[in-house]
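# Results of the structural survey
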Amino acid sequence: MEFSRQRHYRRAIVARLFLLATLSLLCTASLSCESLNIPPAPDLQPVLNAYENPSAVVDGEIMGEVADEIAKAAEEIDDSEIFEEILDVIIEVQQELEMNTNENGELVLNGTCVGGANEGSACVDDSDCTDGTDGTCGGLTLPSPNGGVQVNFICDGWDERQFDPDYEADPDPANGKIELTMTLDGGGIGRVVWGTAANCRYLVPGEGDTCEAAGCFEASYNGGVAVDLGDTVPLDEDITELLVTFVVDGVIGFDPIGVDGSPFAIDQSFRVKLADTDGLEILVDIGEQPLEETFTYFFRGTTQGLRARNGTFRCDLEDMVCSDDSGPVFSWQ
Amino acid sequence: MLRRLRTSLLLAIIVAGVTSAGMGLVPNSARAYHTYNVRLLDTTAYSLHRRRVRIGLMKLSYGIIDQLQVSTYTMPWILGAIFEDVAPNLELKSTLYNRKRLALSVSAGFLEGTIRQSDETKARYFLIPVSVASSVRINPAVSTHFGGFYTAVNGDAEGGDDIEGAVVIDFLQLWGMLEWRVSRVVALTFTVRWVPYVSDVVVNGTLDADNPTVAVALEQDVSELQNAFAVIPGFVFSWDRANIRLGVGYSSFFVEGFFLVVPGDVLSNIAPEFDVFVRF
């Protein structure tokens, strides 16, 4: 009787231990309910609203206070071409994603041509492989994927040989890096891209695309960056044609020959279209609180001006005057 | 051709079932096969008694003690052997409570395997299925069984320098089964399976790029699997030692041993259920 009871207890203990182990396993299993580990995107909507609805009433007194800052910021942004450096990385990722997308619009991860001559991402491009004549296309196929993309770009540095088509250099971490986070929304690139640049060094050609004609300037950027592309960008859309809003908070280094190239701290939003090199719109924030009172100052070729709550004016920073169709409206000293 | 084959198979299963049921209704020997002590093991809260063995086409089980059974599914081993890498799997099931009319059980296990895509590329998968089940004996002939299955799937791929990636998906499966012991040999079963929850597939991987390097973490919508269901009428024939489980139903196919669900449209909404096993 006693033996039977002991055996019963032993079995009961074993059964309960098993229950405990099962529950532990369930907890472990639950931990595998992995969600996407994407840092939250910065909220650029207030900035976009500030562009759409300038809230400041601008007059000569205000322009007198901010004109120099506007001129300096515009010059640094324009000269350093930091926006181009960032957008080039985004465009490269867009191209990489497009290369890994098959004819059905499905993203193929780790695509490998099995049994064929082509390997790697070329698999999804190569009709021989996808048709199966040279092999089959392996990899994980994801129709309309959503998620995040982490981009790590080693900057090109200041070696002018980088423009030589035959020159192949390994990425050098000493040149700094740009780390960006992008989202994928139904296969397209989500409108907000954000990240940081860590002492990213790059060359800005004085003229054209190489240093040959007019030499190059050594530029660098260290700081945060957030980009709004306007909308979700399909992989085949030309990003250079998009009006892109930037928010940068960092230090631009630019070393033009013969000019004092001391680093320039910038905490600024601006808009630019890469295909339109003469276009730039700067958000000017004059309120005590961020984005409390804003207006924008734009450069379009030889024309410049500002958009404020009290209207849109043609302006000239050198002549220190803003006008409308009827003539000068306000000026500053 | 394939449709005709499926139709023929379906007809054969129905005919075999009805015929066998008829045979079972005829009073035979006094030896009891579906008995109070010998219960259905699959989709129920019951487990093998101590030192009892089940050897089947789909599953091998052994009763360690009265409340604890260890099993392994055969298909992952067999299919794994055919495709080069066997898939070890083990399941422990414990009937924690079995008094009066009610039985309760929990089970947990794992399945691990590898799929080779090419000489250089292989994908590994690891499944953790955890389940709870209850069985209620309404009367000596009729029982009901309810339970839930939670399966966590982890997978990763590796191969050449450019290849790496990982996949995660979890899903919950609920089931209910009505068992009617028509005779000592024949039991009719009516099983309903339902997937009320499927997590999005989370895929981590890289794109084949040097500079910039591009790592992706993607969510793939698999909501088509959510609310997948199967309604399966079937039979379990039980003789002295031999047993046959046979059923064919509608909609999705719940793959035994792999703990996965094949959407209905893949198999023309035919949900089969089959096993042959001996118990001793």
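Residues numbered from 1 in each chain as written. Chains lettered and ligands numbered in written order. Predicted model: local features only at pLDDT ≥ 70, side-chain atom pairs only at ≥ 80, totals over all residues. Heavy atoms only, no water.

## Remarks on the packing of aromatic side chains
Under the counting rule described, the total for this entry stands at ten aromatic pairs over all chains. A centroid spacing of 5.5 Å and a plane angle of 75 degrees characterise the contact between Phe313(A) and Phe330(A), whose relative ring orientation is edge-to-face. You can see Phe313(A) sitting in strand β15 (residues 311–316) and its partner Phe330(A) sitting in strand β17 (residues 327–331), a full 17 residues away along the chain. Assessed through its relative accessible area of 6%, Phe313(A) is described here as buried. For the pair Phe235(B) and Phe237(B), a centre-to-centre distance of 5.7 Å together with 10 degrees between the ring planes defines the contact as stacked. Of the two residues, Phe235(B) and Phe237(B), both sit in the buried class. Among the aromatic residues, those joined into a cluster by ring pairs are Phe83(A), Phe246(A) and Phe270(A). Of note, Arg201(A) hangs over the ring of Trp158(A), and the distance from its end group to the ring centre comes to 4.6 Å. Looking at Arg300(A), its charged tip hangs above the ring of Phe298(A), at a distance of 4.2 Å from the centre. (Phe/Tyr/Trp six-rings, centres within 6.5 Å; stacked < 30°, edge-to-face > 60°. Helix = DSSP H or I, 4+ residues; strand = E, 2+ residues; numbered from the N terminus. Buried < 20%, exposed > 50% of the residue type's maximum accessible area, 1.4 Å probe, protein only. Lys NZ or Arg CZ within 6 Å of the ring centre and 35° of its normal.)

## Quick look at helix α3 (residues 60–80) of chain A
All names here are of chain A. With 21 residues, α3 ought to run about 30 Å at 1.5 Å a step, and its terminal C-alpha atoms sit 29 Å apart, in line with that. Along its length, α3 shows its largest kink, about 50 degrees, at valine 66. Among the residues of α3, Gly60, Ile62, Met63, Val66, Ala67, Ile70, Ala73, Ala74, Glu76, Ile77 and Ser80 are the ones counted as buried. For α3, the N-terminal cap is aspartate 59; the gap from its side-chain oxygen to the backbone nitrogen of glutamate 61 is 3.2 Å. (Expected span 1.5 Å × (residues − 1). Bend = angle between axes of the 7 residues up to and from the residue. Polar contact = N/O pair within 3.5 Å; in protein donor to acceptor, adjacent residues only side chain to side chain.)

## Digging into the confidence of the model for chain A
Residue and element names in this part refer to chain A. Averaged over every residue, the pLDDT of chain A is 81; residues scoring 70 or more account for 78%. Averaged over each element, pLDDT in chain A is lowest for helix α6 (residues 127–130) (48) and highest for helix α2 (residues 45–52) (95). Confidence drops under pLDDT 50 across residues 116–121; counting only partners more than four residues distant or on other chains, this segment forms 15 contacts. Confidence over residues 130–135 falls short of pLDDT 50; this stretch has 14 contacts with residues more than four positions distant or in other chains. (pLDDT = per-residue confidence, 0-100. Contact = heavy atoms within 4.5 Å.)

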